[in-house]
Amino acid sequence: MTHDLADGGWHRLHPATPLLRGGIVLIAILGFVVANFRERLIDWLFGAPELPGDPLQTAYERGQLGWAALVVAGLLLLGIASFFLSWRLHTFRIGDDVVEVRSGVLFRTHRRARIDRIQGVAIDRPFFARLFGTARVDISVAGQDAKVQLAYLGGADADALRGEVLRLASGARAAEAQVDTAHPSPPGEREGIVNQRVRELLAPELDPSLAAPESVVKIPPGRLIGSLVLSGFTVMVVLAVALLLTTSMLGRREFLAFIVLPGLVAAIGYYVNRFTKTLRYSIAGTPDGIRVGSGLLSTNNDTLPPGRVHAIEVSQPLLWRPAGWWMIRINRAGAAGEATAQASTTMLPVGTIDDARRVLELLVPGMAGSETGRLVDAGLTARRGEGFTDAPRRARLLRPFSWRRTGFARGEAALLLRGGFVWRRLVVVPLARVQSIRVSQGPVRRGLGLAELTVHTVAGPVRPELAVVDREVAREQFEEWSAAVVIAIDSDRSHRWAERPDDERGRSDET
Amino acid sequence: MAAALISGQEWSRVSPRYVGVELVSSLITGLVLCGATVPFIVLGTWFGWPALAVAIVVAVLLLALAPRRVRAIGYRMRDDDLLFTRGIMFQRVVAVPYGRMQLIDVNRGPVARALGLAELKFVTAAASTGVTIPGLPEAEAAELRDRLVALAESRRAGL
């Protein structure tokens, strides 16, 4: 029962949308009212004691029951009608070049997003929506709050829509893409609706027929729990508890009940939330980009088309070092400042060094195996040198611990910046995504013959910078990098990743 | 003065009239600093008068260094990117490829407008790029903007 949503015409969202977007509250009120009436009926029939102060009773006594019922019914009908109307008026269209959404009853909005500017397509399935077999599709473009949200669509429709949007964005020709998107549809009609829901709930959050079947990384639940326990948050909790215990020793016991209990509940809530959100984590490469999915009850999965990763950071908090775990975060356009920013910028919540290597390979194609792969290994674990140009010894005045590891290297298409002694990190910036480069120095660095190199990318959790570099080296690298960035930008074709060079030529002739 | 980070012969410098804008803003900063010490003097705290002395020294330094600060601002249009530099104590040089332009702003503050100057802001997708060339004569600012837009158009790139 998949509809072709990308045929260029206007479509409506899933009929259950009004319910999922808050209409459920109305039903609850209706249920409450009906239940009350039922109680009243029983009372009248069996003569239960009368309760003073009951609004229904008061209304009944004053002979206004009819009016009260009418008002309640009227409000409910109005609510239901407005939800229905907003659903009727909320339409979307997938054209060849744009995605458009029209919505709103009193204040109409019409949003258009250019398909070749798409930064990612995410499908979220909150638990409640999953029960209805629906999903929310977020098509994000660069910019603050710049995304087209389609909430909610049927589960299969959402997957098909994503495939179609990405195909249009990739610039591939329709005919050749048809072959790989046409997957054998299971005979859904014969299956009962209950069975279908159960199957959907148990299915992996990536449609196996669309994604590469295997995630390159598997996180055992034990490791996930370990990573949560060994986090900065735990350190904070332990410190807070220690502080509270010492104050309670000094005789201020009343604090304990007021702070510890809510704090404990909040902390446990945080752990459980993080745990269920990252459970069943998977990351896989597909022809249309990297697909990251996770979640147990509410699942989400996000597709990042090629060339949409602006900077990558592989880092290792001190507490994770004995276990040898790493995490990977990225900068991407269109994710900064959003509520879901943390989730959508984390590419690997926790993993071994092999996992980190495999994810890096997905994020920067051609990373492992080659010369660059060796550099990555050096960047992660080496104490100094090994292909990286390090900061000079005099930098230890400014960076007493991390000066040994502070260094850089040039990969084939990326810059690698290494740093951190306590909190080891390696930042990889694809040259084609660099916005600008800065070299700077203050009085202290000038006195030491040092400088600072900063690479600007779109906003995000990763800050690519070298805090201490030899001044001559910095000057040289500034020239070299800025030249390399210009060349990389010129040869970058990832905004239309599947387009053939001859298509490109045809296109530029037209314009 | 120590050697510049990037060799300094071919920089296009901003208009010397921009010193006027710098002087006015230094004066305002100095007055605010001095004003902040007044309550302490009124309250009779021991550090009231020394604080005022420090504020005055800072203000005088700001005013005295204004011409050098303005001389340190420069830009250079290379084949594929724009270089921008400023700062004496805290010196920085930024290179932005033309294709990275998202938009260009031309702003004029009240003092700059009186002097016939404008400020050109080159905005990329990275908020931290921060390339703002102040003190351009208005005609030059408009011309530079048009040139930069044309260059960006010919080297159009994705994000």
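Keep in mind that this is a model prediction, so the values were computed, not measured.

The rules behind each value
One numbering rule holds for all chains: residues counted from 1, following each sequence as written. Starting at A for chains and at 1 for ligands, labels are handed out in the order in which the entities are written. Reporting in this predicted model follows two pLDDT cut-offs: at least 70 for local features of residues, and 80 or more for side-chain atom pairs to be given and counted; totals over whole chains, interfaces and linings ignore these cut-offs and use all residues. Working definition: helices are DSSP H or I runs of at least four residues, strands are E runs of at least two. Numbering for both runs from the N terminus. In this scheme the burial state of a residue depends on its C-beta neighbours within 10 Å: 20 or more other such atoms mean buried, 12 or fewer mean exposed, and anything in between means partly exposed; the C-beta positions come from the backbone. We call two residues in contact whenever the C-beta atoms placed from their backbones are within 7 Å. UniProt positions are given in the numbering used here, feature names are shortened, and annotations may be inferred rather than shown by experiment. Pairing between two strands is assigned when DSSP locates at least 2 bridges connecting them. Axes, fitted as lines to C-alpha atoms, cover a helix only where it is in contact. Angles between the N-to-C directions of the axes lie from 0 to 180 degrees. Every helix has an expected span of 1.5 Å times one less than the residues it contains. Throughout, the bend at a residue refers to the angle made by two axes, fitted to the seven residues ending there and to the seven starting there. Here the limits of each domain have been adopted from an automatic or database domain assignment. What the arc measures is the spread of directions leading from the helix axis to the C-beta atoms. Polarity classes work like this: nonpolar for Ala, Val, Leu, Ile, Met, Phe, Trp, Tyr, Cys and Pro, charged for Asp, Glu, Lys and Arg, and polar for all others, with Gly in that last group.

1. Brief notes about the overall build of chain A
Phase 1: If you tally the helices and strands in chain A, you get 16 helices and 20 strands.
Phase 2: When burial is assessed residue by residue, chain A has 36% of its 511 residues classed as buried.
Phase 3: In chain A, the proportion of contacts linking residues at least 24 apart, taken out of those at least 6 apart, comes to 56%.

2. Details of the environment of Gly 35 of chain B
Phase 1: Assignment of secondary structure puts Gly 35 of chain B in helix H1 (residues 18-43).
Phase 2: A sequence separation of 95 residues divides Gly 35 of chain B from Gly 130 of chain B, and the C-alpha atoms of the two residues are 30 Å apart.

3. Here we look at the UniProt feature "transmembrane region" (unreviewed entry) in chain A
All names here are of chain A.
Phase 1: Mapped onto the present numbering, the UniProt feature "transmembrane region" (unreviewed entry) falls at residues 19-37, 65-85, 228-249 and 255-272.
Phase 2: Between the end C-alpha atoms of residues 65-85 there is a gap of 30 Å, over a span that is 100% helix and 0% strand.
Phase 3: From the first C-alpha to the last, residues 228-249 spans 29 Å; its make-up is 91% helix and 0% strand.

4. A few points about the sheet that holds strand S1 (residues 10-12) of chain A
All names here are of chain A.
Phase 1: In spatial order, the strands read S1-S2-S3-S4; together these four strands make up an open sheet with antiparallel pairing. Strands at the two margins of the open sheet, each flanked by one partner only, are S1 and strand S4 (109-114). Shown here is a sheet whose adjacent strand axes are inclined to one another by a mean of 20°, direction ignored.
Phase 2: Sheet topology note: the strand S3 (residues 98-103)/S4 ladder contains six bridges and is antiparallel.

5. Focus: the UniProt feature "transmembrane region" (unreviewed entry) in chain B
Residues and elements named next belong to chain B.
Phase 1: In the numbering adopted here, UniProt assigns the feature "transmembrane region" (unreviewed entry) to residues 21-41 and 47-66.
Phase 2: With 100% helix and 0% strand, residues 21-41 has end C-alpha atoms that lie 31 Å from one another.
Phase 3: Secondary structure content for residues 47-66 is 95% helix and 0% strand, while the C-alpha to C-alpha distance between its ends is 28 Å.

6. Section: helix H2 (residues 48-72) of chain B
Residue and element names in this part refer to chain B.
Phase 1: Taking 1.5 Å per residue, 25 residues should reach 36 Å; H2 reaches 35 Å between its end C-alpha atoms and fits that length.
Phase 2: Maximum bend of H2: about 45°, positioned at Ala 66, with proline Pro 67 one to four residues after it.
Phase 3: Turning to H2, its buried residues number three or more, namely Ala 55, Ala 66, Val 70 and Ala 72.
Phase 4: Along its buried surface, H2 packs onto H1, strand S3 (81-86) and strand S7 (131-137).

7. Focus: the environment of Val 359 of chain A
Residue and element names in this part refer to chain A.
Phase 1: Inspection of the secondary structure assignment puts Val 359 in helix H12 (residues 353-363).
Phase 2: In this structure Val 359 comes out as buried when scored by C-beta crowding, with 26 C-beta atoms within 10 Å.
Phase 3: Not counting the four nearest positions on each side in its chain, Val 359 is found in contact with Val 216, Val 217, Ile 283, Ile 328, Met 347 and Leu 348.

8. Some details on the domain arrangement of chain B
Residue and element names in this part refer to chain B.
Phase 1: Domain boundaries assigned for chain B yield domain 1 (14-70) and domain 2 (73-154).
Phase 2: Look at where the C-alpha atoms of domain 1 and domain 2 centre, and you get two points 28 Å apart.
Phase 3: Contacts between domain 1 and domain 2 engage ten residues on the former and eleven residues on the latter.
Phase 4: Looking at the side of domain 1 that touches domain 2, the elements with two or more residues in it are H1 and H2.

9. Regarding the sheet that holds S7 of chain B
Residue and element names in this part refer to chain B.
Phase 1: Taken in spatial order, the three strands make up an open sheet running S5-S6-S7, and their pairing is antiparallel. The strands lining the two open edges of the sheet, one partner per strand, are strand S5 (103-107) and S7. The mean inter-strand angle of the sheet, taken between neighbouring strand axes irrespective of direction, is 20°.
Phase 2: Two strands pair when backbone bridges link them, and S5 and strand S6 (residues 117-123) are joined in this way by five bridges, in the antiparallel orientation. Paired with Val 106 across the two strands is Leu 120, which belongs to S6.

10. Some remarks on helix H13 (residues 371-381) of chain A
Phase 1: For H13 of chain A, every residue scored as buried is listed here: Thr 372, Leu 375, Val 376, Ala 378 and Gly 379 of chain A. The arc that holds the buried residues of H13 of chain A, viewed along the axis, is 165°, so those residues lie on one side.

11. Re the interface of chain B and chain A
Phase 1: Listed per partner, the contact involves 25 residues of chain B and 25 residues of chain A.
Phase 2: With seven residues, the top contributor of residues to the side of chain B that touches chain A is strand S4 (residues 91-97) of chain B.
Phase 3: Residues that form the side of chain B that touches chain A fall into these classes: 15 nonpolar, six polar and four charged.
Phase 4: Sheet analysis places strand S18 (residues 436-441) of chain A next to S4 of chain B, joined by five bridges and oriented antiparallel. In the sheet register, Arg 438 of chain A faces S4 of chain B, and the bridge partner there is Val 94 of chain B.

12. Considerations on the UniProt feature "domain: YdbS-like PH" (unreviewed entry) in chain A
Phase 1: Using the residue numbers shown here, the UniProt feature "domain: YdbS-like PH" (unreviewed entry) corresponds to residues 87-162, 278-361 and 403-476 of chain A.
Phase 2: For residues 87-162 of chain A, helix accounts for 21% and strand for 53%, while the C-alpha atoms at its two ends are 21 Å apart.

13. What about the pairing of strand S16 (residues 414-419) of chain A?
Residue and element names in this part refer to chain A.
Phase 1: Of all six residues in S16, six are buried; the element is thus mostly enclosed.
Phase 2: Here S16 shows two buried faces, one formed by Ala 414, Leu 416 and Arg 418 and the other by Leu 415, Leu 417 and Gly 419.
Phase 3: By the bridge criterion, four bridges tie strand S15 (residues 407-410) to S16 in an arrangement that is antiparallel. The partner of Arg 410 across the bridge, within S16, is Leu 415.
Phase 4: Here S15 hands over to S16 after three residues, the two strands then running antiparallel side by side.
Phase 5: Where S16 and strand S17 (residues 424-430) come together, six bridges link them in antiparallel fashion. Note on S17: the bridge partner recorded for Gly 419 is Arg 425.

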